[in-house]
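Structure at a glance
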Amino acid sequence: MGVAGTPTGDDSGTGDSQDEKQGENPADLVEQPAKVIRIGSMIKQLLEEVRNAPLDDAGRRRLAEIHKRSIGELKEGLSPELVEELDRIALPFSEDAPSDAELRIAQAQLVGWLEGLFHGIQTAIVAQQMAAQAQLQAMRRGLPVGHADLPQQSAGDGPPSPTGQYL
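For the structure given in this document, a descriptive report is provided here. This structure is a prediction, so every number in the text was calculated from the model and none was measured.

1. Observations concerning the packing of helix α3 (residues 57–76) against helix α4 (residues 80–89)
- Contact geometry of α3 with α4 gives a least axis separation of 9 Å together with a crossing angle of 160 degrees. Comparing the axis directions of α3 and α4 gives the class roughly antiparallel. Every pair of crossing elements has a handedness; the one defined by α3 and α4 is right-handed. Contacts between α3 and α4 involve Ile 71, Leu 74 and Lys 75 from the first element and Val 83, Leu 86 and Asp 87 from the second.
- Residues that form the contact of α3 with α4 fall into these classes: 4 nonpolar, no polar and 2 charged.

Following this line, the structure appears as structure tokens:
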């Protein structure tokens, strides 16, 4: 199952396309995060409603239309790569009113995809934060290391060495 930033069209499983996208910010794949979150919450609530109450033909048709429109709205907030992925997994309903089971499966699939998307973005953000923190720590270690050689000099070689930690 794909998540944010997975390569499209690379079925080899080698991840070569993923390496090419390393510099891309996964959060940028969601162009309108607030909209995607709102629609995702609505879809999750609809799934709960479908689970709790059986629907008649008109209700199932209406829910199928809401599902279709929700996907259309989601696409407006996603990058082209994620739109392609969503198109591959969200198959349209037939012209007839879908059954309760078809609706539950379609809604659950969409909710699962959205949750995977959100988890992928959260993971990428945490990884970016960890990389930034590691870089900051490396910079902090770099400053004292430059000054660490000074105490080893003889007293007449230069200015006295500072003591203590600067950062």
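Following the structure, the description resumes.
2. Concerning the side chain of Asp 100
- Position of Asp 100 relative to the elements: it lies in helix α5 (residues 100–148).
- Arg 60 provides the closest opposite charge to the buried, salt-bridge-free Asp 100, at an N-O distance of 4.2 Å.
- Apart from the residues within four sequence positions on either side, Asp 100 is in contact with Val 50, Pro 54, Leu 55 and Arg 60.

3. Considerations on the nonpolar core
- With 19 residues, the main nonpolar core has Leu 74, Leu 78, Leu 86, Leu 110, Trp 113, Leu 114 and Leu 117 as its most contacted residues.
- Where this core is concerned, the elements lending two or more residues are α2 (33–52), α3, α4 and α5.
- Counting 5 residues, the second largest nonpolar core, distinct from the first, contains Leu 46, Val 50, Ala 64 and Leu 103.

Quick notes on the rules
The residue numbering used here restarts from 1 in each chain and proceeds along that chain's sequence as written. With pLDDT at 70 or above as the cut-off, local features in this predicted model cover only qualifying residues; side-chain atom pairs require 80 or more to be listed or tallied, and sums for whole chains, interfaces and linings still use all residues. Each side-chain value is worked out from all heavy atoms of the structure, with water and hydrogens disregarded. Comment: axis = line fitted to C-alpha atoms, over the contacting stretch for helices; angle = value between 0 and 180 degrees taken between N-to-C directions. Helical segments are the DSSP runs of H or I of at least four residues, strand segments are the runs of E of at least two, and each set is numbered from the N terminus. Roughly parallel covers angles under 35 degrees, roughly antiparallel covers those over 145, roughly perpendicular covers 65 to 115, and oblique covers all other angles. Helix crossings get a hand from a simple test, with the near helix turned counterclockwise from the far one by less than a right angle marking a left-handed crossing and a clockwise turn marking a right-handed one. Every residue pair with non-hydrogen atoms within 4.5 Å of one another is taken to be in contact. Each residue receives one of three labels: charged for Asp, Glu, Lys and Arg, nonpolar for Ala, Val, Leu, Ile, Met, Phe, Trp, Tyr, Cys and Pro, and polar for the others, Gly being one of them. The classification of residues rests on relative accessible area computed with a 1.4 Å probe and restricted to protein chains. Under 20% of the type maximum is buried, over 50% is exposed, and intermediate values are partly exposed. When charges are counted, Lys and Arg are positive and Asp and Glu negative, with His and the chain ends excluded. By convention in these notes, a salt bridge is any Lys or Arg side-chain nitrogen within 4 Å of a carboxyl oxygen on Asp or Glu. Side-chain atoms within 4.5 Å are what join buried Ala, Val, Leu, Ile, Met, Phe, Trp, Tyr and Cys residues into a set we call a nonpolar core.

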